[in-house]
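Read off the chains here:
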Amino acid sequence: YLLSIGVGVGALVGTVEVSGRDISYETFVAPALLASSAMNGAVFDSTFNFFYKIKYAHTFDAMLATPLGVGDVALGEMGWSLARSTLYAASFLAIMTAFGLVESWWGLLALPAATLIGMTFAGVGMAATTYMRSFVQFDYINLAMIPLFLFSATFFPITRYPEALQWVVRATPLYQGVALERGLVLGDISWALVGHAIYLLVMGAIGVRIAARRLGRMLLP
């Protein structure tokens, strides 16, 4: 995506205006793809793999036979999802740096921010998976992720949307992650970035709490 869309399509698009200044299209797209990488890494582990452990491997039944509680299991699964998410994001950030697409030293915080994005989607993914009854229902996960990937100000500025739709996009978790990553990578620092981070932290915490409660109802006698 970075090469074909960021560089290839970017040659046709030219520049994009962000916060009153023009930047190259690949510089605009790269932080959004970084946020998307963190989302993908977290979602894959916290949905498909998590479901397999519940329904088929019965991994958590064995774990709950020890002194571990459902909260410990949920946090452990989130930690594992975050490891994969952070690895995806670190690899992508290294490529961005090699291409010269990190414009500010604030970009050093892009990896912790990606971990925060991963936490959000790991928590939400685990919570959603506890309601799944078969792999067929995972089509709903793709149904949610694809629009998030395409329309969270990933490939074009949010100002291109009608004003009413802009508020809908701003309420989505990937947009919050994209805005956070883009601000850090471009050095466009404001208090709004703190708001994005708090949103992601709260949503991730709510997700893992729901997942822990649901696991308790499903697995404990």
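Preceding this paragraph is the structure being described.
Definitions and limits used
Chains are numbered independently. Their residues run from 1 in the order of the written sequence. This being a predicted model, a pLDDT of at least 70 is required before a residue's local features are given, and a value of 80 or more before pairs of side-chain atoms are given or counted; all residues contribute to the totals for chains, interfaces and linings. Side-chain numbers come from the whole structure's heavy atoms, not from hydrogens or water. Side-chain rings of Phe, Tyr and Trp, where Trp is taken by its six-membered ring, are said to pair if the distance between their centres is within 6.5 Å; with planes under 30 degrees apart they count as stacked, over 60 as edge-to-face, and otherwise as tilted. Secondary structure follows DSSP: runs of H or I at least 4 residues long count as helices, runs of E at least 2 residues long count as strands, and numbering of each begins at the N terminus. We call a residue buried when its accessible area falls under 20% of the maximum for its residue type, exposed when it is over 50%, and partly exposed in between, using a 1.4 Å probe and counting protein chains only. We count a charge as sitting over a ring when the NZ of a lysine or the CZ of an arginine lies within 6 Å of the ring centre and within 35 degrees of the ring normal. When a carboxyl oxygen of Asp or Glu lies within 4 Å of a side-chain nitrogen of Lys or Arg, that pair is called a salt bridge.

Visitor: Got a minute to help me understand the packing of aromatic side chains in this structure?
Guide: Aromatic ring pairs are described here by two measures, namely the spacing of the ring centres and the angle between the planes. Across all of its chains, the model carries 11 aromatic pairs by this definition. Each ring, one from F50 and one from F60, has its centre 5.4 Å from the other, and the planes form 50°; the classification is tilted. Of this pair, F50 sits in helix α2 (residues 25–57) while F60 sits in helix α3 (residues 59–64); the two residues are 10 residues apart in sequence, bridging distant segments of the chain. Each member of the pair, F50 as well as F60, carries the same accessibility label: buried. Consider the rings of F156 and Y161, whose centres lie 5.5 Å apart with planes at 55°: the pair is tilted. By way of ring pairs, the aromatic residues F48, F51, Y52, Y56, F135 and F138 are connected into one cluster. We note R170 situated over the ring of W167; from NZ or CZ to the ring centre the distance is 5.5 Å. For R214, the ring lying beneath its charged end belongs to Y131, and the centroid distance is 4.0 Å.

Visitor: Can you help me understand the pattern of salt bridges in this one?
Guide: Side chains that differ in sign of charge can pair as their charged atoms come close. Summed over all chains, the structure comprises 3 salt bridges. Across the pair E103 and R21 runs a salt bridge, and its minimum N-O distance is 3.4 Å. Of this pair, E103 sits in the loop between α4 (70–98) and α5 (110–129) while R21 is found in strand β2 (residues 21–24), placing the two residues 82 residues apart along the sequence. Residue classification places E103 among the partly exposed residues on the basis of a relative accessible area of 41%. Residue classification places R21 among the partly exposed positions, given a relative accessible area of 34%. For K53, the salt bridge is made with E77, and the minimal N-O distance between the two is 3.2 Å. With K53 in helix α2 and E77 in helix α4, this residue pair connects regions lying 24 residues apart in the sequence.

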